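Report on the structure
One-letter residues, chain by chain:
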Amino acid sequence: MSRPIQSNFIQKASNRRSFLKKGVAAAGAATVGAAMFPDGLRASQEESSGNLHKGDAAILRFLAAAEILETDLWQQYNELAGVDVTSGPSFLYVTALEQLDEDMPQYISDNTDDELTHEEFINAYLASKGAETVDLTRFATLPSSKADGAKQVGRLTNLMHLNVDTSWWTRYRSSTKNPDFGDSFPQAVNINNRTAIPRTNDDLVADGGKASGVSDRTQAIANVAGFHFGTIEQGGTSLYPSLAQRVKDVEVLRIVLSIGGTEIAHFQTWHDKAGNAPPLTDVDPVTGSKVVFHDLNNDPGFGGEEFQTNLIMPEPTIFLNRNFPKCSIIRPTQTKGAAMNALNALAGSNLFLGQSKEFFAFLTSLAQDADAAQREGDH
Ligand SMILES: [Fe+2]
Ligand SMILES: [Fe+2]
């Protein structure tokens, strides 16, 4: 793949990084969690926006970065479970994913392709307007899976220690709550420090005693992936409309609405598949982390409209004001701080485990610039 790079980008990025390093040192050692993205780490020098409004360019740059990160994680899934995996140890991971839907390899490959086109289109559009583009290549330093099929290249994202927030499951089933009103939602599955891809061939274990031929160890990894797909794509589903509210130019709005719509299409597909994850309990022999996948329709504590697996369309709920009639909507879509919220959610999931301070500082500066964009009064 080729990613356009403006000739002055590297120079400005290194200026920004040296500034950011000073900022981190002055603020004290950056640690994990909320402190990974300290406030006030702003670039001393803004990127060029070319012929675009400054805010529109900043929004597109943050979205380009998000798409590059999506591409990176989807490529890891695609190498181990896409349509090209037809034999070898990883085929057991394919078989496990096919327990959720026999078309999973096709959907995984298509989602991967889509993200790559989002990334390339947004950067090409920025470049066509003389605005600076985004390149994260220098941060692709994280290890690959060692299972057969995975390319041994540096990665931007880490799929091997995920905390998967599955509260979107109950959020989209609620008819009385909305995250934009400050409401919170129970998890469908508690997934903490679990791998979503086979780390080595040791994670690919057959079990002739199961109808699928797949051990619980391998099926658990596929189940985690099945929910992670939904978690990632519901994030994009909310991020695009949240940022669209602060776009100024109609053509940029068209881009954001048109790409955002395919994130919704992805989410809807994964939402439908995750509910087919076979119920099981597994303790990871490497980390000791336990996961329990329940029968969401029947197990005690589950069942009913909060969990029912075929309720995959957004349940009408409160929107804007409780006095309005309920409405079937994407949620959340609140625009204030939306880019930073998205970045914090990804970081909280351990998706960037092992990344450098410079990576977090750079992504933070892109998010802060996007969140500073105004629909009115900007230039
Ligand atoms: Fe995307
Ligand atoms: Fe996506």
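Residue positions are counted from 1 within each chain, in the order its sequence is given. Chains and ligands are labelled sequentially in the order written, the chains with letters from A and the ligands with numbers from 1. Local features in this predicted model are restricted to residues whose pLDDT is 70 or higher, and side-chain atom pairs enter the listing and the counts only when it is 80 or higher, whereas totals over whole chains, interfaces and linings include all residues.

Segments assigned H or I by DSSP are reported as helices when at least four residues long, segments assigned E as strands when at least two residues long, and all are numbered from the N terminus. Under the convention used throughout, the expected extent of a helix is 1.5 Å for every residue step, that is, one less than its residue count. In this model helix H4 (residues 104-128) runs 36 Å from its N-terminal to its C-terminal C-alpha over 25 residues, within 8% of the 36 Å that 1.5 Å per residue would give. Here a residue counts as buried when 20 or more other C-beta atoms sit within 10 Å of its C-beta, as exposed when there are 12 or fewer, and as partly exposed otherwise, the C-beta atoms being derived from the backbone. Within the sequence span of H4, burial applies to Met104, Pro105, Tyr107, Ile108, Asn111, Thr112, Glu115, His118, Glu119, Ile122, Asn123 and Leu126. Residues of H4 that are buried make contact with helix H2 (54-81), helix H3 (91-98) and helix H7 (250-274). Positive backbone phi, approximately 75°, marks Gly130, located one or two places after H4. What counts as a contact is two residues whose backbone-derived C-beta atoms lie within 7 Å of each other.

Moving on: unusual backbone geometry. Omega for the peptide link from Arg331 to Pro332 comes to 0°, which places this bond in the cis form. Within the secondary structure, Pro332 is located in the loop between strand S4 (290-293) and helix H8 (338-348). Non-glycine residue Asn193 carries a positive phi angle of around 50°. Locating Asn193 in the fold gives a position in strand S2 (residues 191-194). You can call Asn193 partly exposed: it has 16 C-beta atoms within 10 Å.

The next thing to look at is the environment of Trp168. You can see Trp168 is positioned in helix H5 (residues 168-171). Judged by C-beta crowding, with 25 C-beta atoms within 10 Å, Trp168 ranks as buried. Taking C-alpha positions, Trp168 is 9.2 Å from His271, a pair spaced 103 residues apart along the chain. If we ignore the near neighbours within four places in the chain, the residues touching Trp168 are Gly230, Thr231 and Gln234.

What makes a nonpolar core is a set of buried Ala, Val, Leu, Ile, Met, Phe, Trp, Tyr and Cys residues, with links drawn between C-beta atoms within 7 Å. Within the largest apolar cluster, 83 residues are counted, with the highest numbers of intra-cluster contacts made by Phe62, Tyr93, Val224 and Leu243. Apart from residues no more than four positions distant in its own chain, Tyr93 is found in contact with Leu80, Ala81, Pro198, Leu204, Thr218, Ile221 and Ala222. Ranked by size, the runner-up nonpolar core spans 6 residues in total, among them Trp168, Trp169, Tyr172 and Phe307.

Topologically, Ser289 is positioned in the loop between strand S3 (280-283) and S4. Judged by the 15 C-beta atoms lying within 10 Å of it, Ser289 falls in the partly exposed class. Taking the C-alpha atoms as reference points, Ser289 and Ile191, separated by 98 residues in sequence, lie 8.9 Å from one another.

The subject of this paragraph is the confidence of the model for the chain. Regions with low pLDDT should not have their predicted coordinates read in detail. Taken over all residues, the pLDDT of the chain has a mean of 90, while the share at 70 or more is 87%. Per-residue confidence from the predictor is given as pLDDT, running between 0 and 100. Here residues 1-45 is modelled with pLDDT under 50, and outside its nearest four sequence neighbours on either side it reaches 50 contacts, counting other chains as well.

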